[in-house]
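What follows is each chain in one-letter form.
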Amino acid sequence: QVQLVESGGGLVQPGGSQRLSCAASGSIASFIDAGWYRQVPGKQRELVATITRGGSTNYADSVKGRFTISRDNAKNTLYLQMNSLKSEDTAVYYCNARRLEVGIGLHAYWGQGTQVTVSS
């Protein structure tokens, strides 16, 4: 029903920058909130950043001051700008969005993930 597709991952040098994109098949403006998560093999998936329909943002302590979450409603796309990257940022990054569905309630959608590797 709703598809989220991440892109922009790849190999990045420590201290470098990378921008991730999450393209939605529907209108991003219809979602209550959206966010980025990341996961390392053998570890629990963790929240990186979120943004509400009203534009409020929240970040994990580990990425504050380095990462910025944003959206472009006209392009139906969510972004994660990553600066001053560290080796510990290496993970698979996932896009997430939630909205109210008729007869269901609040429902979450996930992308397939994109690999980000920070190494020299």
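Let us look at the structure shown here. A quick note: this is a predicted structure, and the numbers were derived from the prediction, not measured.

### What to know about the side chain of Arg66
Note on placement: Arg66 falls in the loop between strand E6 (57–59) and strand E7 (67–72). By relative accessible area, Arg66 is classed as buried at 10%. Within the structure, Arg66 has its side chain in polar contact with the backbone oxygen of Ser62 (distance 2.9 Å). The residues contacting Arg66, other than those within four sequence positions of it, are Gln81, Met82, Asn83, Ser84, Leu85, Lys86 and Asp89.

### Section: the pattern of salt bridges
Under the defined criterion, the tally for this structure stands at six salt bridges. The closest approach of N and O atoms between Lys64 and Asp61, which form a salt bridge, is 3.2 Å. Asp89 is paired through a salt bridge with Arg66; the nearest N and O atoms lie 2.8 Å apart. Within this pair, whereas Asp89 is found in the loop between strand E8 (77–82) and strand E9 (91–101), its partner Arg66 is found in the loop between E6 and E7, the two being separated by 23 residues in sequence. One continuous salt-bridge network, built from bridges that share partners, spans Arg38, Glu46, Arg66 and Asp89.

### Re unusual backbone geometry
At Asn76, a residue that is not glycine, the phi angle is positive and equals roughly 50°. With respect to the element layout, Asn76 can be found in the loop between E7 and E8. Positive phi outside glycine occurs at Ser84, with the angle close to 50°. Checked against the element boundaries, Ser84 lands in the loop between E8 and E9. Taking the relative accessible area as the measure of exposure, Ser84 reaches 40% and is therefore partly exposed.

### Some thoughts on the sheet that holds strand E1 (residues 4–7)
Strand order in the open sheet formed by four strands is E1-E3-E8-E7, with antiparallel pairing between adjacent strands. Each having just a single partner strand, E1 and E7 make up the two edges of the open sheet. Along the sheet, successive strands turn relative to each other by an average axial angle of 15°, direction set aside. Across six bridges, the pairing between strand E3 (residues 18–24) and E8 is antiparallel. Each residue of the ladder has a partner; that of Arg19, found in E8, is Gln81.

### Some words on the state of the cysteines
The full count for this structure, using the stated rule, is one disulfide. For Cys22, the disulfide goes to Cys95, at an S-S distance of 2.0 Å. Taking the sign of the S-S torsion, -80° for the link of Cys22 and Cys95, the bridge is left-handed. Note that Cys22 is positioned in strand E3 and Cys95 in strand E9, a separation of 73 residues in sequence. For Cys22, a relative accessible area of 1% translates into the label buried. By relative accessible area, Cys95 is classed as buried at 1%.

So, how was this worked out
Counting restarts for each chain: residues are numbered from 1 in the order of the written sequence. Only residues with pLDDT of at least 70 get local features here, since the model is predicted, and only at 80 or more are side-chain atom pairs given and counted; chain-wide, interface and lining totals rely on the full set of residues. Excluding hydrogens and water, the side-chain figures rest on all heavy atoms present in the structure. A run of DSSP states H or I qualifies as a helix once it reaches four residues; a run of E qualifies as a strand once it reaches two. Both are numbered from the N-terminal end. Summary of the burial criterion: residues with accessible area below 20% of their type's maximum are buried, those above 50% are exposed, and those between are partly exposed, where the area comes from a 1.4 Å probe applied to protein chains only. Residues adjacent in sequence count toward polar contacts only when both atoms are side-chain atoms; beyond that, a polar contact is any pair of N or O atoms within 3.5 Å, and within protein one must be able to donate a hydrogen and the other to accept it. The criterion used for residue contact is that any of the two residues' heavy atoms lie within 4.5 Å. Any carboxyl oxygen of Asp or Glu within 4 Å of a side-chain nitrogen of Lys or Arg constitutes a salt bridge here. In short, DSSP must find at least two bridges between two strands for them to pair. What counts as an axis is a line fitted to C-alpha atoms, over the stretch in contact for a helix, and the angles between N-to-C directions run from 0 to 180 degrees. When two cysteine sulfur atoms are found within 2.5 Å, that pair is recorded as a disulfide.

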